[in-house]
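Understanding the architecture of this molecule
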Amino acid sequence: MIRPDRFVRQISRHIRREKRISLGSFLVLAIVLILIDLFWIASGTITQQYHKLLGSVRMELFISDAVPDSALTVMRQAVSSVEGKAAVVYVSKEEAAQFLETELGAGILDGLPGNPLPRSFVIFFDQSKSLDQLDALEKRLRRLEGIDAIEFGRRWIEKVEQAARNFRRVGYIIGGIILFVVLLTMANTNRLTARSKSTDFFQLKLLGAGPSYLLYPFLAEGFLSASIAAVLGWVAMYYLAGRVSVATITLVLPSVFDVAIYAVLAGLTGMAGAYLGIRRLLMS
Amino acid sequence: MISFKQVDFTHSGQRLFAGLTFHLQKGRYLVISGPARSGKTTLVKMIAGLLGPTAGEIIIDGEAMESILESRTKLRQLRRKVGGVGGIYSLLTELTILENIALSAEIAGLSPRAARKSALEACGKYRLTHLLSQVPDKVSEVERRAALLARAEAARKDLIVADAPTDGLDPQSAAIIHERLAALRLAGVTILYLTSGSGPQNGPDEYLHLHEGKLAP
């Protein structure tokens, strides 16, 4: 097995000798990995916005006029038993009228015989709920006696979910393409590196060197260069994210642990690319 | 050590060897001379397992080349026994002279410590101690060739193939190379020397001439 210190010296000499190829290969790797970083930030941020939107959903339960005020306490208790609720607010007919006038202007209800607006309970949730969860909850609450109607902006949520589903589909395709491009680029980059080392590679073969001298150093180099490029890409992303603010949207960046895992995965992809790059030289 | 029996080799329609036959016994020193393009380097490539004959048989260290070429392990074992200077053999450009020599010894099976010791000893013999940390590009041609011989010696190769090892060297430098080869022969190393000239005067046991694909004394 090639000694680590010799291997490190060999890499540094190679970088010094082939400055252009080494720097070019590294930059190409960093750029393709930054594509993944951008995709990661975009998906994280959009997912966060999606949950934020669903988190702002509230469910309004309109109470029948036939329900006497004395029954409201029991009703409120039943509504409050809903899982994941942050708060349940009772809105009287007067408060509903006041709210409507604030929104649409004073006197909007003038001329009507009395206040036609119903009383309601408004449920606020402490976390986002999917359409299926909201549908199930609505079904359960409808069984409560004295509830005339339930409203939670079903059509709006449906549209948001559809958009999220479409984004995920496109995301998988784009993610797949990016991964393919990364692997291809790494293989080509390593092929360039391998070509620049082909003379030494040939000499090693003539000496009777086995995979520990021929293959493993290449794999290690592929791993190191890709993982270093991955980490540097994230350093750049963190730096830029601190300088760029997009209106009220906060960019979602991965944790240090996630970056470490990502760097290892990038390194493994780099190894795969290195193997693909030198496979022909190995076989020859 | 090496037997070529009725070896034919045709490349791009040109018949390079036609029934080439010779035997080089272990510990012997053979010089094969021949004009340019007579197939000397092809011979080296065949011994290194880079090319196979079109017909005939090559046996190295009791093993048929046909069987060696079928197994990567056998091919690696063969190459670990063969050292070379000139022709297809050169130093690794990214390693220093010492690293080049030690690495070859390590690949041949010595422990890293033993390989380094052996490399340092060989460098001493070839007067390369002042160049240990230099990369091959920074040393002269004669020093590079001396380092190749030192590499083969440190790795305790059984066979050294010298393909025009003194081409382009001044007579004094060529004499040093010849001296070292003769010393290696005395130490029991088998040597095959290929040249377009007459080859060394002292040391070799046998001289053959390669002409039109055949060998003759």
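You'll find the structure just up there.
A brief look at the structure comes next.

Reading the values: the criteria
Residues numbered from 1 in each chain as written. Chains lettered and ligands numbered in written order. Predicted model: local features only at pLDDT ≥ 70, side-chain atom pairs only at ≥ 80, totals over all residues. Heavy atoms only, no water. Helix = DSSP H or I, 4+ residues; strand = E, 2+ residues; numbered from the N terminus. Buried < 20%, exposed > 50% of the residue type's maximum accessible area, 1.4 Å probe, protein only. Contact = heavy atoms within 4.5 Å. Areas by Shrake-Rupley, 256 points an atom, 1.4 Å probe, with all protein chains shown as cover. Phe/Tyr/Trp six-rings, centres within 6.5 Å; stacked < 30°, edge-to-face > 60°. Pairing = 2+ DSSP bridges. Expected span 1.5 Å × (residues − 1). Polar contact = N/O pair within 3.5 Å; in protein donor to acceptor, adjacent residues only side chain to side chain. Salt bridge = Lys/Arg side-chain N within 4 Å of Asp/Glu carboxyl O. Core = buried A, V, L, I, M, F, W, Y, C linked by side-chain atoms within 4.5 Å. Buried area = accessible area lost by both parts, 1.4 Å probe. Nonpolar A, V, L, I, M, F, W, Y, C, P; charged D, E, K, R; others polar. Axes fitted to C-alpha atoms, helices over the stretch in contact; angles between N-to-C directions. Parallel < 35°, antiparallel > 145°, perpendicular 65-115°, else oblique.

As for the overall build of chain B
In terms of helices and strands, chain B carries seven helices and 10 strands. Of all 217 residues assigned to chain B, the portion counted as buried reaches 55%. Here the analysis covers contacts within chain B between residues at least 6 apart in sequence; of these, 67% occur between residues at least 24 apart. Of the roughly 9600 Å² of accessible surface on chain B, a fraction of 48% belongs to carbon and sulfur atoms.

Thoughts on the packing of aromatic side chains
Residue and element names in this part refer to chain A. The full count for this structure, using the stated rule, is eight aromatic pairs over all chains. Between tyrosine 90 and phenylalanine 121 the ring centres are 5.6 Å apart and the planes differ by 55 degrees, which places this aromatic pair in the tilted class. Here phenylalanine 121 lies in strand E3 (residues 119-125) and tyrosine 90 lies in strand E2 (residues 85-91), a separation of 31 residues in the sequence. Given the relative accessible area of 24%, tyrosine 90 is considered partly exposed. The exposure class of phenylalanine 121 is buried, given its relative accessible area of 1%. When the centroid spacing of 5.9 Å and the interplanar angle of 75 degrees are considered together, the rings of tryptophan 234 and tyrosine 262 count as edge-to-face. Within this pair, whereas tryptophan 234 is found in helix H8 (residues 211-243), its partner tyrosine 262 is found in helix H9 (residues 256-283), the two being separated by 28 residues in sequence. You can call tyrosine 262 buried: its relative accessible area is 8%. One aromatic cluster in this structure is built from Trp40, Trp234, Tyr238 and Tyr262.

Observations regarding the pairing of strand E9 (residues 206-211) of chain B
All names here are of chain B. Relative to E9, strand E3 (residues 29-33) runs parallel, the two being bridged by four bridges. From the neighbouring strand, isoleucine 32 faces E9, where its bridge partner is leucine 208. As defined by bridge partners, E9 adjoins strand E10 (residues 214-216) across three bridges and the pair is classed as antiparallel. Looking at the pairing, histidine 211 lines up with lysine 214 of E10.

Some words on helix H7 (residues 171-186) of chain B
Residues and elements named next belong to chain B. For H7, built from 16 residues, the straight-helix expectation of 22 Å at 1.5 Å per residue is met to within 8% by its first-to-last C-alpha distance of 22 Å. Taken as a whole, H7 has its buried residues at Ser173, Ala174, Ile177, His178, Arg180, Leu181, Ala182, Leu184 and Arg185. Residues of H7 that are buried make contact with E3, helix H5 (112-125), helix H6 (141-154), strand E7 (159-163) and strand E8 (190-195). The N-cap residue of H7 is aspartate 170: its side-chain oxygen and the backbone nitrogen of glutamine 172 are 3.1 Å apart. One or two residues past the end of H7 sits glycine 188, with phi positive at roughly 100 degrees.

Some points on the pattern of salt bridges
Evaluated as defined, the whole model comprises 15 salt bridges over all chains. Between arginine 15 of chain B and aspartate 8 of chain B there is a salt bridge whose closest N-O contact spans 2.9 Å. Taking the relative accessible area as the measure of exposure, aspartate 8 of chain B reaches 16% and is therefore buried. In this structure, lysine 81 of chain B engages aspartate 61 of chain B in a salt bridge whose closest nitrogen and oxygen atoms are separated by 2.9 Å. Linking lysine 81 of chain B in helix H3 (residues 72-81) with aspartate 61 of chain B in the loop between strand E4 (55-60) and strand E5 (63-64), this pair joins segments that are 20 residues apart in sequence. Relative accessible area serves as the criterion here: at 34%, aspartate 61 of chain B is assigned to the partly exposed category. Via salt bridges that share partners, Asp135, Arg154 and Glu158 of chain A belong to a single interconnected network.

Let's talk about the nonpolar core
All names here are of chain B. Counting 34 residues, the largest nonpolar core has Ile2, Phe4, Phe17, Leu20, Phe22 and Ile32 as its most contacted members. Per-element tally for this core: the top contributor is strand E2 (residues 14-24), with five residues. If near-sequence neighbours (up to four positions away) are discounted, leucine 20 is found in contact with Phe4, Lys5, Gln6, Val7, Leu43, Leu210, Gly213, Lys214 and Leu215.

What to know about unusual backbone geometry
Residues and elements named next belong to chain B. Residues other than glycine seldom take positive phi values, yet glutamine 6 does so here, at roughly 50 degrees. Residue classification places glutamine 6 among the exposed residues on the basis of a relative accessible area of 54%. Phi at serine 12 is positive, roughly 50 degrees, even though this residue is not glycine. With respect to the helices and strands, the residue serine 12 is situated in the loop between strand E1 (2-11) and E2. Residue serine 12 is classed as exposed on the basis of its relative accessible area, which comes to 69%.

Points about the interface of chain A and chain B
On the side of chain B, 26 residues touch chain A, which itself brings 23 residues to the contact. Around 2400 Å² of area is buried between chain A and chain B when both sides are counted, 52% of it from carbon and sulfur atoms. Our count for the contact surface shared by chain A and chain B stands at zero salt bridges. At the boundary of chain A and chain B, one finds six residue pairs in polar contact (both at pLDDT 80 or more). Elements represented by at least two residues in the side of chain A that touches chain B include exactly helix H1 (4-17), helix H7 (198-206), H8 and H9 of chain A. Each residue belonging to the side of chain A that touches chain B can be placed in one class, and the counts come to 10 nonpolar, five polar and eight charged.

Digging into the environment of arginine 58 of chain A
Residues and elements named next belong to chain A. Tracing the chain through its elements places arginine 58 in strand E1 (residues 58-63). Sequence-wise, arginine 58 and valine 122 are 64 residues apart; in three dimensions their C-alpha atoms are separated by 6.7 Å. Residues within four places of arginine 58 in sequence aside, it is in contact with Val122, Ile123, Phe124, Phe125, Glu151 and Phe152.

Quick look at the packing of helix H2 (residues 19-55) of chain A against helix H6 (residues 154-196) of chain A
In a pair of packed helices, the angle between the axes and the distance between the axes together describe the arrangement. All names here are of chain A. It is the contact of H2 with H6, at a shortest axis distance of 10 Å, that shows an interaxial angle of 170 degrees. On the basis of the axis angle, H2 is roughly antiparallel to H6. For the contact of H2 with H6, the per-class residue count stands at 24 nonpolar, eight polar and one charged.

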